2 protein chains.
Amino acid sequence: MNGDASALPDGADGVRCIKPGVRALDAYSLDPDVASRKLDQNESPFDLPDHLKADLAAQFVSEAWNRYPAFVPRSLSARLADRHRWTPDGVLVGNGSNELIQAAFQTLVSPGDIVVTPSPTFSLYALLIGVAGGRHRPVPLEREWKYDEGAFLVAAKTAKVVVLCSPNNPTGSVCSHRLVEQIVAETDAFVIVDEAYQEFGGASMVPLLRLSSRLIVLRTFSKALGLAGLRCGYALAHPEVTAEVAKAKLPYNVNRFTLAAAGIALANLATMTSRVTEIVERRDRTATVLAEIPGVHVFPSQANFLLLRFETVSAQHVFQRLLQDFDILVRDVSGAPELTNCLRITIGTEDDMRATCQAIRTVVT
Amino acid sequence: MNGDASALPDGADGVRCIKPGVRALDAYSLDPDVASRKLDQNESPFDLPDHLKADLAAQFVSEAWNRYPAFVPRSLSARLADRHRWTPDGVLVGNGSNELIQAAFQTLVSPGDIVVTPSPTFSLYALLIGVAGGRHRPVPLEREWKYDEGAFLVAAKTAKVVVLCSPNNPTGSVCSHRLVEQIVAETDAFVIVDEAYQEFGGASMVPLLRLSSRLIVLRTFSKALGLAGLRCGYALAHPEVTAEVAKAKLPYNVNRFTLAAAGIALANLATMTSRVTEIVERRDRTATVLAEIPGVHVFPSQANFLLLRFETVSAQHVFQRLLQDFDILVRDVSGAPELTNCLRITIGTEDDMRATCQAIRTVVT
């Protein structure tokens with residue numbers, strides 16, 4: 001800035017205009033730690049193959065960057081509908097699935113409405129519920145983080161919206177078709193299922209879209225499809241519901257490059273699927289190796305990450321040692337009350353996992 | 001879809017859960033007309049120079065697309081702060097400035113709060129005010145679409161937020177520093193100034209950020225900087241205010257490619273600026289030519305578009321003739337009550353403007 005900070009006016013004057021509910025929220029944040037082995041964001045270790053990147057770059061140079069992307073990305077919606085055996089007008093493409101979570105809350109949640117989520121779960125839900133003015137009702141997961149179906153059903157009876165994340169972040173546990181079926185049959189709640197990790201395990205709820213229009217299923221290109229850097233997610237729902245949620249989604253929300261890249265990823269789904277198999281096998285092997293280390297509890301996971309609890313040393317200690325002595329960055333989730341002494345570790349390359357198991361063994365024993 | 005439409009459940013069940021205020025809103029939409037001369041979205045006629053596109057494509061192929069973009073795009077924020085002589089922590093980068101309008105409304109507007117805008121103006125404001133549950137108070141612009149400062153000041157006294165668009169879309173008229181200064185000095189309203197077209201004319205309100213923290217200025221790469229296809233906008237505000245608005249902005253909202261492209265555009269601002277000069281001169285020449293056609297009123301514009309009113313034929317007729325007989329697509333804005341018989345025409349290439357003036361003369365006379 002030209003001029004010093006004393007040239008700024010009183011910030012409190014502007015902040016006073018912010019909704020009290022928003023002021024009370026903690027911002028979503030992530031420590032900017034850097035390491036050679038990056039296992040903190042549940043990214044895929046696989047980039048798009050070089051020849052596909054080159055094809056896409058060539059295609060993109062020939063596009064007109066000064067022109068807005070399509071108002072409705074019809075060809076991408078059609079491909080996605082085809083993938084999930086759903087109708088194209090029931091597909092909404094977003095700038096990451098986060099945008100569609102936000103749009104769903106903005107259209108469904110009025111101030112004071114109760115929104116149920118699992119606990120622990122992805123922390124962004126609580127933030128976006130808060131921005132929408134909703135009342136957050138976390139429902140604790142059971143032993144080994146199983147969904148407590150009875151507790152969810154009871155909570156759903158007074159809820160406007162129930163958010164389920166399956167596999168759940170950061171626990172890796174999944175919920176059943178039966179839970180969603182019961183909620184829509186026995187309550188008036190609207191169900192949002194976040195399936196960001198579904199390719200790695202658990203049943204997709206997409207078939208249940210044929211049972212009830214009180215359901216939105218969210219999917220992403222950021223995890224199994226390996227395109228976190230490009231930001232693309234989508235919602236599947238009844239066409240009359242997507243038409244309403246679309247009102248809170250911004251026009252031209254997905255840029256030209258991302259639309260093109262998502263199309264290429266879908267056209268090469270076989271490559272993507274074989275990678276998922278590889279990650280799932282590696283996850284299960286890694287879980288077995290880690291579980292043999294005394295003092296390390298490995299929770300069962302159907303996602304591309306493992307949640308560990310340390311019984312003899314603190315999670316913060318392990319986190320710091322991994323980062324400083326072994327150049328491995330994992331996610332310290334131990335700040336959440338239920339996650340005392342827990343770390344979340346993304347399944348990376350074979351070499352990443354070997355190094356991480358070895359490092360944890362060294363730190364813990 | 002596999003299976004026929006009769007396999008869908010009752011949509012009304014899901015739609016009943018949508019907030020009534022959202023159900024009552026019309027979605028933002030745009031007719032998907034296509035023409036060789038595209039003068040309907042106020043895009044720049046200039047793409048990024050080929051060598052810069054090639055540089056960027058090469059850079060991008062070498063990036064890891066499977067990795068999330070930076071949590072905070074520090075180098076882009078620093079460049080933007082430098083451009084506007086503001087502080088980097090007072091810059092918020094978004095997926096187009098629309099995302100930041102939305103985030104500002106979500107953090108400032110509680111249900112029932114009054115939000116003032118000019119009328120006519122960019123239709124997205126009304127939609128996003130509606131989603132946030134605000135009460136929209138349009139303040140009519142004066143003769144030749146001048147901002148009626150007295151009327152705005154009166155309206156601001158009961159408003160939570162005042163949105164000013166300068167130059168205003170679709171009128172091209174600008175507001176003064178004095179109006180913003182008076183609103184922050186004499187009322188409790190928070191002011192959002194959308195400067196999407198500011199490079200083409202009128203004063204930027206950025207210097208007023210040093211007077212009051214009750215001000216957000218929105219800017220975009222989509223117009224003068226010619227990057228509509230990549231979706232990038234930003235907000236400038238007091239750092240304490242941007243910290244609050246950031247809570248409603250999604251993490252990783254701008255993808256890797258867009259961040260890189262925005263950086264390249266800023267590094268080549270001289271090229272961009274010379275193009276602005278060219279468009280401004282062309283706009284003024286085009287206005288002069290069109291004003292000489294009997295039955296065509298050209299409103300004064302400081303943006304990269306002209307608003308015309310037809311006095312002898314209907315705007316719809318002119319719109320259709322331009323599209324069907326001359327392959328020219330302009331924006332029919334005549335649906336808004338104040339804009340009866342008006343069309344908005346983006347300033348394109350010299351050839352576009354010659355063809356458009358000629359076509360309008362043919363249609364009108």
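Reading the values: rules and limits
Residues numbered from 1 in each chain as written. Chains lettered and ligands numbered in written order. Predicted model: local features only at pLDDT ≥ 70, side-chain atom pairs only at ≥ 80, totals over all residues. Heavy atoms only, no water. Core = buried A, V, L, I, M, F, W, Y, C linked by side-chain atoms within 4.5 Å. Buried < 20%, exposed > 50% of the residue type's maximum accessible area, 1.4 Å probe, protein only. Contact = heavy atoms within 4.5 Å. Salt bridge = Lys/Arg side-chain N within 4 Å of Asp/Glu carboxyl O. Helix = DSSP H or I, 4+ residues; strand = E, 2+ residues; numbered from the N terminus. Pairing = 2+ DSSP bridges. Axes fitted to C-alpha atoms, helices over the stretch in contact; angles between N-to-C directions.

(A) Focus on the nonpolar core. The biggest cluster of nonpolar side chains holds 200 residues, and the ones touching the most others in it are A:F105, A:L164, A:F221, B:F105, B:L164 and B:F221. In contact with A:F105, not counting residues within four places along its chain, are A:V115, A:Y125, A:L128, A:I129, A:A132, A:V161, A:V163 and A:I192. Judged by nonpolar contacts, the second largest core, of 38 residues, contains B:V280, B:F310, B:I328 and B:L343.

(B) Structural view of the pattern of salt bridges. In total, this model carries 42 salt bridges over all chains according to the counting rule given. Among the salt bridges present, the one from B:D13 reaches B:R16, with a minimum N-O distance of 2.9 Å. A relative accessible area of 56% places B:R16 in the exposed class. The salt bridge involving B:D351 is made with B:R37; its shortest N-O contact spans 3.1 Å. With a gap of 314 residues between them, B:D351 in helix α13 (residues 350-364) and B:R37 in strand β1 (residues 37-38) connect regions that are remote in the sequence. A network of salt bridges, in which partner residues are shared, links A:R37, A:D351, A:D352 and A:R354.

(C) Spotlight on helix α6 (residues 124-132) of chain A. Residue and element names in this part refer to chain A. Of all the 9 residues making up α6, 8 are buried; the element is thus mostly covered by neighbouring parts of the structure. When we look at burial in α6, the residues that qualify are L124, Y125, L127, L128, I129, G130, V131 and A132. Of the residues trailing α6, G133 is marked for its positive phi of about 85°.

(D) Broad picture of the sheet that holds strand β3 (residues 114-119) of chain A. Residues and elements named next belong to chain A. With mixed pairing, 7 strands are arranged side by side in an open sheet as β2-β8-β7-β6-β5-β3-β4. For this open sheet the edge positions go to β2 (91-94) and β4 (135-140), each flanked by a neighbour on one side alone. Within the sheet, the average angular offset between the axes of one strand and its neighbour, ignoring direction, is 20°. Examined bridge by bridge, β3 and strand β5 (residues 161-165) share 2 bridges and lie parallel to one another. Across the sheet, residue V116 finds its bridge partner in β5, namely V162. Packed onto the sheet, helix α4 (residues 74-84) meets β2, β7 (215-220) and β8 (233-237) and runs at close to 120° relative to β2. Sitting on the sheet, helix α7 (residues 149-156) touches β3, β4 and β5, and the angle it makes with β3 is about 165°.

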